[in-house]
2 protein chains.
Amino acid sequence: MKIELQKALPAEIEARSMEIIAAELGRTLDPENEAVIKRVIHTSADFDYADNLWFSEHAVQKAAEALKNGASIVTDTQMAKAGINKTALSSLGGEAYCFMADEDVAQAAKRNGTTRAAASMEKAAGLQKPLIFAIGNAPTALVRLCELIEEKKIAPKLVIGVPVGFVNVVESKELLMQAPVPSIVARGRKGGSNVAAAIVNAILYQIAKRP
Amino acid sequence: MKIELQKALPAEIEARSMEIIAAELGRTLDPENEAVIKRVIHTSADFDYADNLWFSEHAVQKAAEALKNGASIVTDTQMAKAGINKTALSSLGGEAYCFMADEDVAQAAKRNGTTRAAASMEKAAGLQKPLIFAIGNAPTALVRLCELIEEKKIAPKLVIGVPVGFVNVVESKELLMQAPVPSIVARGRKGGSNVAAAIVNAILYQIAKRP
């Protein structure tokens, strides 16, 4: 069996994909959030995100400003960290962190009776640099982060709240939407590490040269 | 604002999630494929996968046998590799590989006018060990892999074909479904590195102790 593939460079394939997404959406998006929404649909082939994604006022613009000034990213999974374009990020002076596998985080979680995801947020709160959080997996990370924000122990430049799942997920996102912090949320159950990374990359690609 | 979270260990949260998935599915699944389908829904909160996922005859059983005998995994993204439970995999003697960032792969791609994804499959074909491929991103990886299978240059124990996207994706999966190799495919546009990793983990968790 033979199949006919469209011959094109990866960048051309992506451009065509974005055209298909725009055509099938059949409506215009808020220009400020359009690149993020389209990239999430591109990474999931799931048009639900055109309706699910919620942005606090000028969240993308504020995050882009922070990244231009060298903000770093903290994720709650190695997978989200792996999905972030580190070349683009480091060209702006930022780094990507995930503390989930750290021995001190495992010990702190055990000591305090929390999840490692929550303990990893506490470790992140100790970083003395501007931070963007990309949470694609653990509601407990998001809830702990909202508490740390409320306690004024951390002031993220952006929180991406897109954990996926069936228990505590919706509630954790609703909490973030009330928090006094720039945020991007995938309302409902959907999300994931791939979505978290796609949102970071969409913002990065607006301001950094893609490798 | 306060929210009420269900207090439970991660393992309990997962068990409850699986119960919710089973209840909302409202129908029984083929017992042989049930764990894979449910874990993909768990990782995406997308019930479309109950209909999208296609399995060649006894694909899960054959892959489990291979993993028990120490088969290794090759992915087409660092993200899929990051999502695979390496502790469970290594307890069975397997390793996880992704060659996408390798300098020799970049050079081979340039020399041959292919994508790095395709070149990384050629590199994998040189590994002298039993292999399972988990392709969640690049149609060109899947197409090249199918060619290598046809040319009898490689005989994977399983190919997971779940690239996501809008161009060449559906065609590459249709090609895999015709290939003489055990395979699991997410028909249509949907899929992703997260889905690829979830399928690997679902099979691993049937045979290996979870850390």
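Rules used throughout
- In every chain, residue numbers begin from 1 and rise along the written sequence.
- Chain labels run from A onward and ligand labels from 1 onward, assigned in the order the entries are written.
- Owing to the predicted nature of the model, reporting of local features is limited to residues with pLDDT of at least 70; listing and counting of side-chain atom pairs is limited to 80 or more, with chain, interface and lining totals taken over all residues.
- To obtain the side-chain values, all non-hydrogen atoms of the structure were used and water was disregarded.
- The superposition of copies rests on a least-squares fit of C-alpha positions from residues with pLDDT of 70 or more in both.
- Throughout, a residue-residue contact means that at least one pair of heavy atoms, one from each residue, lies within 4.5 Å.
- Whenever a pair of cysteine sulfur atoms sits within 2.5 Å, that pair is classed as a disulfide.
- Only protein chains enter the calculation, and the probe is 1.4 Å; a residue is then buried if its accessible area is under 20% of its type maximum, exposed if over 50%, and partly exposed in between.
- The numbering of helices and of strands both runs from the N terminus, where a helix is a DSSP run of H or I of at least 4 residues and a strand a run of E of at least 2.
- Within this analysis, the arc is defined by the directions that extend from the helix axis to the C-beta atoms.
- In this text, buried Ala, Val, Leu, Ile, Met, Phe, Trp, Tyr and Cys residues form a nonpolar core when linked through side-chain atoms within 4.5 Å.
- Each axis is a line fitted through C-alpha atoms, taken for helices only over the stretch in contact, and angles between the N-to-C directions span 0 to 180 degrees.
- In this scheme, roughly parallel covers angles under 35 degrees and roughly antiparallel covers those over 145, while 65 to 115 is roughly perpendicular and the rest are oblique.
- The sense of a crossing depends on the near helix, which, turned anticlockwise from the far helix by less than a right angle, makes the crossing left-handed and, turned clockwise, makes it right-handed.
- Summed over both partners, buried area is the accessible surface (1.4 Å probe) that two parts give up on being assembled.
- Take a side-chain nitrogen of Lys or Arg and a carboxyl oxygen of Asp or Glu: if they are within 4 Å of each other, that pair is a salt bridge.
- Whenever two N or O atoms come within 3.5 Å, that pair is a polar contact, provided that in protein one can donate a hydrogen and the other can accept it, and provided that, for residues adjacent in sequence, both atoms are side-chain atoms.
- Pairing of aromatic rings covers Phe, Tyr and Trp, the last through its six-membered ring, and needs centres within 6.5 Å; plane angles under 30 degrees mean stacked, over 60 mean edge-to-face, and all others mean tilted.
- In this analysis, strands are considered paired if DSSP registers two or more bridges between them.
- By convention, a crossover is right-handed whenever its connection, traced from the first strand over the helix to the second and viewed with the strands pointing away, goes clockwise.

Engineer: Residues and numbers for the relation of the copies chain A and chain B, please.
Structural biologist: After a rotation of 180 degrees and a shift along the axis of 0.0 Å, chain A superposes on chain B with an RMSD of 0.0 Å. Those values place the two copies in the arrangement expected of a two-fold rotation axis. Residue A:Met79, judged by its C-alpha, is the member of chain A lying nearest the rotation axis, at 2.5 Å. A shared binding surface is used by both copies, with 98% of the interface residues of chain A retained as interface residues in chain B.

Engineer: Residue-level account of the state of the cysteines, with values.
Structural biologist: Counted by the stated rule, this structure contains zero disulfides over all chains. Lacking any disulfide linkage, B:Cys98 is separated from the closest cysteine sulfur, that of A:Cys98, by 18 Å. Residue classification places B:Cys98 among the buried residues on the basis of a relative accessible area of 8%. Sulfur of B:Cys146: no disulfide; nearest cysteine sulfur belongs to B:Cys98 and is 18 Å away.

Engineer: So what about helix H7 (residues 103-112) of chain B? Which residues, and what values?
Structural biologist: Residue and element names in this part refer to chain B. Here H7 has its buried residues at Val105, Ala108 and Ala109. Taken down its axis, H7 places every buried residue within 100 degrees of arc, on the same side. Seen from the buried face of H7, the exposed residues on the opposite side, beyond 90 degrees, are Glu103, Lys110 and Arg111. In this fold, the buried residues of H7 make contact with helix H8 (116-125). Just past H7, the residue Gly113 takes up positive phi, approximately 65 degrees.

Engineer: Which residues make up the nonpolar core, and what are the values?
Structural biologist: Residues A:Ile199, A:Ile203, B:Ile199 and B:Ile203 are the most contacted members of the largest nonpolar core, which totals 92 residues. For B:Ile199, the contacting residues outside a window of four places in its chain are B:Val36, B:Val40, B:Leu53, B:Ile160, B:Val162 and B:Ile184.

Engineer: Give a description of the packing of helix H2 (residues 34-44) of chain A against helix H11 (residues 193-207) of chain A that names residues and reports values.
Structural biologist: Residue and element names in this part refer to chain A. The interhelical angle for the contact between H2 and H11, taken along N-to-C directions, is 135 degrees, at an axis separation of 8 Å. As summarised for this structure, H2 and H11 are arranged oblique, according to the angle between their axes. When you trace H2 past H11, the crossing you get is right-handed. Where H2 approaches H11, its residues Ala35, Val36, Arg39, Val40 and Thr43 are matched on the opposing element by Asn194, Val195, Ala198, Ile199, Asn201, Ala202, Ile203, Tyr205 and Gln206.

Engineer: How would you summarise the interface of chain A and chain B if you had to cite specific residues and measurements?
Structural biologist: Taken together, the contact between chain A and chain B spans 40 residues of the former and 40 residues of the latter. Summing both sides of the interface, chain A and chain B together bury roughly 3400 Å²; the carbon and sulfur share of this comes to 70%. The interface formed by chain A and chain B contains two salt bridges. Between B:Arg189 and A:Glu24 there is a salt bridge, with the nearest N and O atoms lying 2.6 Å from each other.

Engineer: Account for the side chain of A:Ser56, naming residues and giving values.
Structural biologist: Residues and elements named next belong to chain A. By secondary structure assignment, the location of Ser56 is in the loop between strand E1 (53-55) and helix H4 (59-68). You can call Ser56 buried: its relative accessible area is 15%. At a separation of 2.9 Å, a polar atom in the side chain of Ser56 contacts the main-chain amide nitrogen of Ser183. Discounting residues that sit within four places of it in the chain, Ser56 has contacts with Val181, Pro182 and Ser183.

Engineer: An account of the packing of aromatic side chains is needed here, citing residue identities and associated values.
Structural biologist: Evaluated as defined, the whole model comprises four aromatic pairs over all chains. Taking 6.0 Å as the distance between ring centres and 85 degrees as the angle between the ring planes, the aromatic pair formed by A:Phe47 and B:Phe166 counts as edge-to-face. Linking A:Phe47 in the loop between H2 and helix H3 (49-52) with B:Phe166 in the loop between strand E5 (158-161) and helix H10 (169-178), this pair reaches from one chain into another.

Engineer: Describe in detail the sheet that holds strand E1 (residues 53-55) of chain B, supporting the description with residues and values.
Structural biologist: Residues and elements named next belong to chain B. With mixed pairing, the six strands of this open sheet are ordered in space as E1-E6-E5-E4-E2-E3. Looking at the sheet topology across the chains shown, the edges are occupied by E1 and strand E3 (96-98). When strand polarity is set aside, the average angle formed by the axes of neighbouring strands in this sheet is 15 degrees. As defined by bridge partners, E1 adjoins strand E6 (residues 183-186) across three bridges and the pair is classed as antiparallel. In the strand pairing of E6, Leu53 is matched with Ala186. Together, E1, E5 and E6 form the strand contacts of H10, whose direction differs from that of E6 by roughly 155 degrees. Contacts between helix H11 (residues 193-207) and the sheet are confined to E1, strand E2 (72-75), strand E4 (131-135), E5 and E6, with E5 contributing the most and set at about 140 degrees to the helix.

Engineer: Kindly report on the pairing of strand E5 (residues 158-161) of chain A, identifying the contributing residues and their values.
Structural biologist: Residue and element names in this part refer to chain A. Of the two faces of E5, both are covered, the one formed by Leu158 and Ile160 as well as the one formed by Val159 and Gly161. In the sheet, strand E4 (residues 131-135) pairs with E5 via four bridges, with the strands oriented parallel. When the bridges of E5 are listed, Ala134 appears paired with Ile160. Since E4 and E5 lie parallel, the crossover through helix H9 (residues 139-150) that links them has a hand, and here it is right-handed. Bridge analysis of E5 against strand E6 (residues 183-186) gives three bridges, and the strand direction is parallel. Among the inter-strand pairings, Gly161 is bridged to a residue of E6, identified as Val185. Remark: the E5/helix H10 (residues 169-178)/E6 crossover connection has right-handed handedness.

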